[in-house]
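# A look at the structure
For reference, the chains in residue letters:
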Amino acid sequence: MKKIALVLCMVLALGACKEEKKVAQNNKPTIKIGIVAPLTGNLAMVGEGIKSAVIMAEEDLKTRNLKNQYEFVVEDDGYEAGKTALIYPKLKSVDKVDAILSTFSQTGKIISPRADADKILHISLSSDAEIAKGEYNFLDWTTPKYTAKRMLEFYKERNIKKIVSFVPNNAGTLPQENAFMDLVKEDGEIEVSRYLIAPEETDFRILFAKAKEEKPDAYLALIYGASFVPFFKQYQETGQTALVTSIETFATLSDTSIAQGAYYTDAAVANDTFLKRHQQRFGEISNYGVGTMYDMVMLAVEAFEKTDNKNLAADELAKIKHYNGVVGELEQDDEGIFNSQAVLMEIKDGKRIRVEE
């Protein structure tokens, strides 16, 4: 009887230990990370890809022995400034997030000053260096100085001398154009005629008529969203023959068949292993920026894991000067920008093909 009682006590004690261990794991500090991406609107395709990257990162984090547990709150701003402005206070006051990862320059510029004032770690997948200003703001992207430089090199390789640019008046495209024009002025061998257009312009006929008179060797079309289909359709209808190029924006093009023969420079893309895994997991979904968003999640997690005080995560992130991510080697500069190298892409037979460097 005593022996049975002893065994029973041991079983109960073992069960209690297991339960205690389970409770201890559940009592890990929770770090909440807010994600702001366009899940609706003209950039919904890209936003869904961004969301898939967060899902992949979350799944991978569950396989690691971390001192914190991580919870993600994904919000859709449709890439509309008004929605972004409303989402931020919700993430701050209702969800009480410890960090925010934003998508694209317009969204990043709205969140940046607010996050810095509220001392919330903020990393933006954006091209505008202004967003990285402040102790709590960081940028993770191939910045325009790299993508613009690669575009200029391409023009010189092709002996392109005359360019007509269509530039939307948008926070995401203007920094790209500014970086490119600075390089053009310094180079002094290429002439550029500039047409400032409305964001997501849909009527290019008059612009094409004017531009054709200038006999350009190439168009630099920094268009996006609703502009894609009318641009390429009207390009063909008006008998244009100049090469169509872009800095980064063509990476968001959903139907590549309409852009046969176009070239564009892009931010660093994820390695083949990651992209294959992404496709197997989510199918034919946009992979634009997915590697960068995955890396952003992991950078944020590494910062929080390095400190016992989550309010010091921004300090820890600032110390990470080199990071080997799925898009390759990232180098953080003194402005809080994690830089990666640009790539040259060609659209051929409906596919995006990386042009060997």
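Anything mentioned here points back to the structure above.
In this report, we go over the structure that sits alongside the text. This one's a predicted model, so the numbers in the text were calculated from it and none came from an experiment. (Residues numbered from 1 in each chain as written. Predicted model: local features only at pLDDT ≥ 70, side-chain atom pairs only at ≥ 80, totals over all residues. Heavy atoms only, no water.)

## A short note on helix α4 (residues 105-118)
For α4, with 14 residues, the first-to-last C-alpha span of 20 Å sits near the 20 Å given by 1.5 Å per residue. When we look at burial in α4, the residues that qualify are Ser-105, Thr-107, Gly-108, Ile-110, Ile-111, Ser-112 and Ala-115. Buried residues belonging to α4 abut β1 (30-37), α3 (81-94), β3 (99-103), β4 (121-125) and β5 (137-140). Immediately downstream of α4, the backbone of Lys-119 shows phi near 60°, a positive value. (Helix = DSSP H or I, 4+ residues; strand = E, 2+ residues; numbered from the N terminus. Expected span 1.5 Å × (residues − 1). Buried < 20%, exposed > 50% of the residue type's maximum accessible area, 1.4 Å probe, protein only. Contact = heavy atoms within 4.5 Å.)

## Digging into the sheet that holds strand β14 (residues 343-348)
An order of β7-β6-β8-β9-β10-β14-β15 is seen for the seven strands of this open sheet, with the pairing classed as mixed. Edge positions in the sheet fall to β7 (191-197) and β15 (351-354), since each has one partner strand and no second. For this sheet, the mean inter-axis angle between neighbouring strands, taken without regard to orientation, is 25°. Sheet topology places β14 next to β15; four bridges connect them, and they run antiparallel. Following the sheet pairing, Glu-346 is matched in β15 by Ile-353. Across the face of the sheet, helix α5 (residues 144-157) comes into contact with β6 (162-168), β8 (218-221), β9 (243-247), β10 (263-266) and β14 while running at roughly 160° to β9. In the packing of helix α8 (residues 228-237) onto the sheet, contacts are made with β6, β8 and β9, and the angle to β9 comes to roughly 160°. (Pairing = 2+ DSSP bridges. Axes fitted to C-alpha atoms, helices over the stretch in contact; angles between N-to-C directions.)

## So, the side chain of Asp-266
With respect to the helices, strands and loops of the structure, Asp-266 is situated in strand β10. Buried and unpaired, Asp-266 has Arg-352 as its nearest opposite-charge partner, separated by 6.7 Å. Beyond its immediate stretch of four places on either side in the chain, Asp-266 contacts Thr-147, Glu-248, Ala-251, Tyr-288, Ala-342, Val-343 and Met-345. (Lys, Arg positive; Asp, Glu negative; His and termini not counted. Salt bridge = Lys/Arg side-chain N within 4 Å of Asp/Glu carboxyl O.)

## Topic: the side chain of Ser-126
Turning to its location among the elements, Ser-126 is positioned in the loop between β4 and β5. Accessibility expressed as a relative area gives 2% for Ser-126, which makes it buried. Among the polar contacts made by the side chain of Ser-126, one reaches the main-chain carbonyl oxygen of Phe-104 at a distance of 3.1 Å. Apart from residues no more than four positions distant in its own chain, Ser-126 is found in contact with Phe-104, Ser-105, Gly-108, Ile-131, Leu-139, Asp-140 and Trp-141. (Polar contact = N/O pair within 3.5 Å; in protein donor to acceptor, adjacent residues only side chain to side chain.)

## What about the pattern of salt bridges?
Applying the stated criterion to the full structure yields 21 salt bridges. Here Arg-281 ties to Glu-59 by a salt bridge, and the two come within 2.6 Å at their closest N and O atoms. Taken as a pair, Arg-281 in helix α9 (residues 272-282) and Glu-59 in helix α2 (residues 44-61) lie far apart in primary sequence, 222 residues in all. The exposure class of Glu-59 is partly exposed, given its relative accessible area of 30%. Its salt-bridge partner being Lys-133, residue Glu-130 comes within 3.0 Å of it at the nearest N-O pair. Overall, Glu-130 belongs to the partly exposed group, its relative accessible area being 43%. In this structure, a network of salt bridges that share partners links the residues Lys-156, Lys-161, Asp-187 and Glu-189.

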